[in-house]
Amino acid sequence: MISRNSSAAVAASPEPSPNPRAAHDRMANAIRAVAMDAVEQAKCGHPGLPMGAADVATVLFTQFLKFDPADPAWPDRDRFVLSAGHGSMLVYALLHLVGYEAMTIEQIKRFRQLGSITAGHPEHGHTPGVETTTGPLGQGIANAVGMAIAERHLAAEFGAGVVNHHTYVLASDGDLMEGISQEAIALAGHLKLNRLIVLFDDNGISIDGPLSLADSVDQVKRFEAAGWVASRIDGHDPAAIATAIEKAQESDRPSLIACRTTIGFGAPTKAGTEKCHGSPLGADEIRGARAALGWTEPAFAIPDDILASWRQAGQRSKGLRRAWRERLQALPADQRAEFERRVRGDVPNDRLADAVRSVKKKLAAAPKEMATRAASEFALDALVPALPELIGGSADLTGSNNTRPKGMTVLSAADYGGRFIHYGVREHGMAAAMNGMAVHGGIIPYSGTFLVFSDYCRPSLRLAALMGQRVIHVMTHDSIGLGEDGPTHQPVEHLAALRAIPNLMVFRPCDAVETIECWQLALEARSTPSVLALSRQNLPPLRRTFDVDNRCALGAYELLPADGKAEVSIFAAGSEVEIAADARTLLAARGISARVVSVPCFELLFAAPEATRRAIIGDARVKIGVEAAVRQGWDAIIGSDGLFIGMSTFGASAPFRDLYRHFGITAEAIAETAASGLHG
């Protein structure tokens, strides 16, 4: 087997076999043996996919994939995404065999055990060589679309000399049945992402049994209809696999290669059935598989010559990486520094600070009412030129989300250098593609939809939080304040649901100044995704003077102090801060001293030191939370005995002011509740 990636390459085996197929089979069988042994020892896992896809993976990793185990973060490596994350032992076996230092045989033996790097499903940031966290089916292929977008965009900006790689996906029938896959492949076909190659493990088996129980889609025709090049091959024929990949590399469109395989290949009674999908094979079946495969080694043992062949395959791209480094060094110094900064993920703090300061000074000089979605666009007018790594977009709601500032060109098949993506009505695919851009590196993605449609984005939001990726979701129309579109579009439970996700920051600014401050915090949070929940309706400027400091940085702050010692503390977020401020005035007229605390970000408040939190929350006798949403989450601020003005039902269709009155979210209701609380 000769490398296609290095002119200095030699045969993959140190002692070349006169039968290349025999050499291939022994290398592929190493994957099968390691996978079935690890699953058996863990007493759980999925041996079927690694055993069935071993031939495809062997051809890809020994002949085509550009990578260097000594530098897992090499920016111009090819990306390999195991979208079928349940078959994680496939990628763990490959990483061990090709020589990733961290993936020792001891880690393989500790598959699915606490503290190991061999988790049940592959986790980005946890295991060197794993490009993205997969397991929820469909996410990997959709992430890969984002990676392919990132590759094309960065190549357009920095040149093919430093950005020129492929993204390969191994996908299962489950990946392709999930609805997100349609959103992803349609977008990829539309953008003609020809560096994206999907290898479909077409084994005809799902957990319940034959795939025909639930599905009869012709995937080749489906992908062709989406603008892909698609073909079918025998997934156990290394020559056919290699030929198909070679053709895909030359395509002007993304490619699907449907590789017909036998799940659990080699298992004497369970191969080709659901019985080897998600359970250990068992000792008797493993003995039979070893005999069928001609594998005589004990558990976890790999013959020296096979391991040497695999390790040699892992060295194929060293020369390519050195040549890439030389090309990078040959770039003009400023361009090289910019590329390296973006790959590191460092935000240019001076440029960001200047942009934020400029926006805040303009707002202080001419305060005006505006919806926070419009304030976000005003912020982006300054942020997008300052941070060229920002790639924006919207799910067919650009004019409503205000995510495309002036002068931002469209990223398209005709111009990958553009910075705004029209995702179409594909919220789930959009969110997953953003995750792919983020893990690829060099890009900070942001995009827009309505807050109520965060339900469509939630699986991807959760994975962004799990991976610690800086993706920013602009979610407008954030409450009953959107008005006449009614309860189908009015988020009520969504803020609480999003705030329940660990490591996700949910910002709900009350005016234009808070909006730019929340943008700054989201951009500075390099290992945390963010949601900016923004209003449709205009809001008054509550912060009218220029503040050097970012007052939102602690998650909450006293916006309006009490006259004297506070008897009442009113905590509010977003559009309800205005109402809280009016309630403070009404209470003052009744001789009741109240303060107003704006709470733009629960997560930052809860992360603040305890003494800081106590000082912000204060010790007023009555604490009231106000938000046009459900109470869930507010008790951490107001206490379980605190009072709450908000929603406990779905909304209704009417002008927004009528709705606030109808649901009792008014200054008068707050004042009356506070007074009753004091005298009750």
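Residues numbered from 1 in each chain as written. Predicted model: local features only at pLDDT ≥ 70, side-chain atom pairs only at ≥ 80, totals over all residues. Heavy atoms only, no water.

A separate point is the sheet that holds strand 16 (residues 594-598). Strand order in this open sheet of five strands is 14-16-15-17-18, and the pairing throughout is mixed. The open sheet has two free edges, formed respectively by strand 14 (557-560) and strand 18 (643-645), since each of these has just one partner strand. Direction aside, the axes of adjacent strands within the sheet are offset by 30° on average. Seen against the sheet, helix 21 (residues 576-589) touches strand 14, strand 15 (568-572), strand 16 and strand 17 (622-626) and runs at an angle of roughly 165° to strand 15. Of the strands in this sheet, strand 15, strand 17 and strand 18 are in contact with helix 26 (residues 667-679), which crosses strand 17 at around 155°. (Pairing = 2+ DSSP bridges. Helix = DSSP H or I, 4+ residues; strand = E, 2+ residues; numbered from the N terminus. Axes fitted to C-alpha atoms, helices over the stretch in contact; angles between N-to-C directions. Contact = heavy atoms within 4.5 Å.)

On average, the protein chain scores 96 in pLDDT, and the residues at 70 or more come to 97%. Every residue in residues 1-18 is under pLDDT 50, and counting partners more than four places away or in other chains gives 41 contacts. (pLDDT = per-residue confidence, 0-100.)

A few words now on helix 7 (residues 179-191). With 13 residues, helix 7 should cover 18 Å at 1.5 Å per step; its first-to-last C-alpha distance of 19 Å lies within 8% of that length. Residues of helix 7 that are buried: I180, S181, A184, I185, A186, L187, A188, G189 and L191. Following helix 7 by one or two positions, K192 has its phi on the positive side, about 55°. (Expected span 1.5 Å × (residues − 1). Buried < 20%, exposed > 50% of the residue type's maximum accessible area, 1.4 Å probe, protein only.)

Within the largest apolar cluster, 70 residues are counted, with the highest numbers of intra-cluster contacts made by W519, V568 and I665. With eight residues, helix 20 (residues 512-524) is the single largest residue contributor to this core. Listed in part, the 58 residues of the second largest apolar core include I31, A35, F61 and F80. (Core = buried A, V, L, I, M, F, W, Y, C linked by side-chain atoms within 4.5 Å.)

For the rest of this paragraph, the subject is empty space enclosed by the protein. Applying the stated criterion to the full structure yields two cavities of 30 Å³ or more. Each pocket or cavity is described by its volume, and for the largest cavity that value is around 60 Å³. Taken together, F80, V81, L82, V91, P122, G129, V130, E131, T132 and T134 make up the lining of the largest cavity. Grouping the amino acids of the lining of the largest cavity by side-chain chemistry returns six nonpolar, three polar and one charged. Considered as a void within the structure, the second largest cavity measures approximately 50 Å³ in volume. Along its surface, the second largest cavity is lined by L363, P367, K368, M370, D511, A512, V513, L539, P540, P541 and R543. Looking at the lining of the second largest cavity residue by residue, the class counts come to eight nonpolar, no polar and three charged. (1 Å grid on protein atoms, 1.4 Å probe; cavity = no way out; pocket = protein on both sides within 12 Å on 5 of 7 lines; lining within 4 Å. Points joined across faces, edges and corners; volume = space filled by probe spheres on them. Nonpolar A, V, L, I, M, F, W, Y, C, P; charged D, E, K, R; others polar.)

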